[in-house]
Amino acid sequence: MRPAAQHHPHVRALAVDGVSVTLGGRRILDEVAFTVQRGQFTGLIGSNGAGKTTLLRVILGLQRPHAGRVLLAGRPRARRNRSIGYVPQKVGLDPDLPMRARDLVELGIDGHRLGIARPSPARRELVAEMLAAVDAERFADSRVGRLSGGEQQRILIAHALVARPQLLLLDEPLANLDLRSGQEIVSLLDRIATEHEIAVLLSVHEMNPLLSVMDRVVYLAGGRAVSGTTDQVIRSDVLSGLYGHRVEVLHVAGRILVVAGGPAATNGSPDGLPGAAPLPDAR
Amino acid sequence: MQNAWIVATMVAVIAGVVGFFVVLRGSAFPAHAIPNGAFAGAAGAVLVGVSSLLGLGVFAVLSALGIGSLGRRGRHDVATALALVAMLACGAAFLSRTTEYAPEIFSLLFGEVLGVSTTELLPVAGLGAACLLAVAVLYRPLLLSSVMPEIAEAKGVRSDRIEIAFLIVLALATAMTVPVVGALLIFSLMIGPPAAARALTPRPGAAIALSVALALITVWAAIALSYQTNWPIGFFVGTISALAYGLGRGWNAARTHHHQLPHSATFTDASSPGSPAPPLGQRRQKRRRPI
Ligand SMILES: Nc1ncnc2c1ncn2[C@@H]1O[C@H](COP(=O)(O)OP(=O)(O)OP(=O)(O)O)[C@@H](O)[C@H]1O
Ligand SMILES: [Mg+2]
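How each quantity is defined
- Residues numbered from 1 in each chain as written.
- Chains lettered and ligands numbered in written order.
- Predicted model: local features only at pLDDT ≥ 70, side-chain atom pairs only at ≥ 80, totals over all residues.
- Heavy atoms only, no water.
- Donors = N, O, S within 2.8 Å, 3.2 Å for Na, K, Ca; no water.
- Helix = DSSP H or I, 4+ residues; strand = E, 2+ residues; numbered from the N terminus.
- Contact = heavy atoms within 4.5 Å.
- Buried area = accessible area lost by both parts, 1.4 Å probe.
- Salt bridge = Lys/Arg side-chain N within 4 Å of Asp/Glu carboxyl O.
- Polar contact = N/O pair within 3.5 Å; in protein donor to acceptor, adjacent residues only side chain to side chain.
- Nonpolar A, V, L, I, M, F, W, Y, C, P; charged D, E, K, R; others polar.
- Near = heavy atom within 4 Å.
- Areas by Shrake-Rupley, 256 points an atom, 1.4 Å probe, with all protein chains shown as cover.
- Pairing = 2+ DSSP bridges.
- Axes fitted to C-alpha atoms, helices over the stretch in contact; angles between N-to-C directions.

Draft legend 1. Representation of the coordination of the magnesium ion (ligand 2). All of the protein donors around the magnesium ion (ligand 2) are Thr53(A) (OG1) and Gln89(A) (OE1); their distances to the metal are 1.9 to 2.3 Å. Linking Thr53(A) in helix α2 (residues 52-60) with Gln89(A) in the loop between β6 (84-87) and α3 (101-110), this pair joins segments that are 36 residues apart in sequence.

Draft legend 2. Quick look at the interface of chain A and chain B. On the side of chain B, 31 residues touch chain A, which itself brings 34 residues to the contact. A buried area of about 2,900 Å², summed over both sides, lies between chain A and chain B, and 57% of it is on carbon and sulfur atoms. The tally of links between chain A and chain B comes to four salt bridges. Note that Asp94(A) and Arg198(B) form a salt bridge whose closest N and O atoms lie 2.9 Å from each other. Linking chain A to chain B there are 14 residue pairs in polar contact (both at pLDDT 80 or more). Every element with two or more residues in the side of chain A that touches chain B is listed here: α2, α3 and α5 (149-161) of chain A. Taken together, the residues of the side of chain A that touches chain B sort by class into 16 nonpolar, six polar and twelve charged.

Draft legend 3. The arrangement of the site of ligand 1 in detail. All names here are of chain A. Around ligand 1 lies a shell of 14 residues, among which Arg26, Gly49, Lys52, Thr53 and Thr54 are the nearest. In this structure, an oxygen atom belonging to ligand 1 sits 2.9 Å away from a side-chain N or O atom of asparagine 48. Measuring from an oxygen atom of ligand 1, one finds a backbone N or O atom of glycine 51 at 2.9 Å. Contact with the protein chains removes 62% of the 640 Å² of surface that ligand 1 exposes when unbound. The set of elements that each furnish at least two residues to the shell around ligand 1 consists of β2 (26-37) and α2. Looking at which element gives the most residues to the shell around ligand 1, the answer is α2, with three residues. Considered class by class, the residues forming the shell around ligand 1 number three nonpolar, eight polar and three charged.

Draft legend 4. Molecular detail of unusual backbone geometry. All names here are of chain A. Its identity as a non-glycine residue notwithstanding, arginine 164 has a phi of 55°, on the positive side. Following the sequence through the fold, arginine 164 ends up in the loop between α5 and β7 (167-171). With a phi close to 45°, glutamate 172 is a non-glycine residue in the positive phi region. With respect to the secondary-structure elements, glutamate 172 resides in the loop between β7 and α6 (179-195).

Draft legend 5. Structural context of the sheet that holds β7(A). Residue and element names in this part refer to chain A. The six strands lie next to each other as β6-β7-β8-β3-β9-β10, forming an open sheet whose pairing is mixed. The open sheet terminates on both sides in strands that have one partner only, identified here as β6 and β10 (224-228). Along the sheet, successive strands turn relative to each other by an average axial angle of 15°, direction set aside. Here strand β9 (residues 216-221) runs beside β10; their pairing, made up of five bridges, is antiparallel. Following the sheet pairing, alanine 221 is matched in β10 by arginine 224. With respect to the sheet, α2 is in contact with β3 (41-45), β6, β7, β8 (199-204) and β9, its orientation differing from that of β7 by roughly 150°.

Draft legend 6. Local environment of the side chain of Arg25(B). You can see Arg25(B) is positioned in helix α1 (residues 2-25). Apart from residues lying up to four places away in sequence, Arg25(B) is in contact with Leu142(B), Ser145(B), Ser146(B), Ile162(B), Glu163(B) and Phe166(B).

Rendered as structure tokens:
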């Protein structure tokens, strides 16, 4: 927890305001609203198909929401906004790609601009600095498509950071990583959020690797979201309301498990929003 | 004869540069379909008696636009196949009415560099310069959207426009190269040298330079051999390109193997069937140890 960042509402990096998305006739996101502050680490949690990627695409401007809006640093997002760094869920780099990790990071500086970049010591230095920030100097000169999943993840983070974004979005960066690499990436991102004063929003389907670093949680289920601190959100009553049926939050050996726990909630608020009344424990 | 060397040099430079992106983007199929579509245009031009370069250019650009607009989100194998068969159908129709031009048709298919006249050099040079300029302007977004299309889109790069622009560059490159190496074999010049180059170096800039160098060697050798033997130049371009690619892969495979050694030194020799003889592997491993 970093109270300093939370006490400065003016450093709000991102506000998602009542965003709804319908795809193929199905409501994927339903009035999702939350904010993210600079310097904070926010976990976007949801199971497969919960709409995490869709939500990130809305924030990036790749998916137009059918209702609601996205504010970046307090202003409606411009059509082309490059103050967001993005690490997609699947990148799929060709192993034969004629690019070193270093070249891929350099492409993050101004890869969207027309023309050919003139090499300069300043550019090389900036790239080297980013490679150091993600602890990737060791494999900076290897072919990027042949690096391991965890190594590629670091390079993609450096690629996103080198443009000095205010907001960094990562879509399931821990999928395919073993526990240790996952932890390394998480603490790296935590450090980056603090040191570079940027907001990190990271999606996962499994929240436990983030417990030690998350400042805030956005929990997605059934198209709706609740947000707050871990203690505010990851509770049986709140999540039961979100899911619309009884779920139990269990704390086991420092880990949190969310398990389905009984019949559908009938006495919660009509729309099943957080704050549903405690349910009988009967089965 | 001098014209042959000049035009072949220009063709090799363009094929090397444009081919780098063809291989990078996995656009080999469009790179095959556009020249064949363009060939139909040339056959049509011969039929109505206008410059075959004009017919090539028009049909190549039409094929490119068809492929680009019908293909969806980078997937256009079906659109490409349709464009290809539509153009070939036209080509068949045009050919059936132009039997007396058989030698010219043959040279469009398989290449005829030795008969290039000085007046033909200028349009080729113009098209080549346009291609190089376009690639230079598009360079960074083209690279980014080829490698990581989603990130490129998030940064405001319009991948669909980049795609169309690139296909048009490919079409122009095709129009200038087909009369020299032929519609059926231009493809090999755009795939072989760049594919070999990317196996040989992990740097994008160096890979483009190497791709051009290999394409130059290929066409120069092909001209010399074609002149000696009187066999079609396309035959030599195709075989030398394939050979370059094979050698590039082989060299790369050997290198990759010794790169991997430090990580799995104990298992590599036992588990990988294609490993080189142990003494070589050990010698290379020693050289790399300081890392
Ligand atoms: N273009 C589309 N048309 C119709 N449905 C779509 C489209 N894109 C996504 N969906 C649906 O939206 C839902 C949410 O998808 P999304 O990719 O956002 O989920 P996710 O939370 O990222 O899941 P995962 O953890 O598997 O990546 C899925 O059920 C998916 O089938
Ligand atoms: Mg997803």
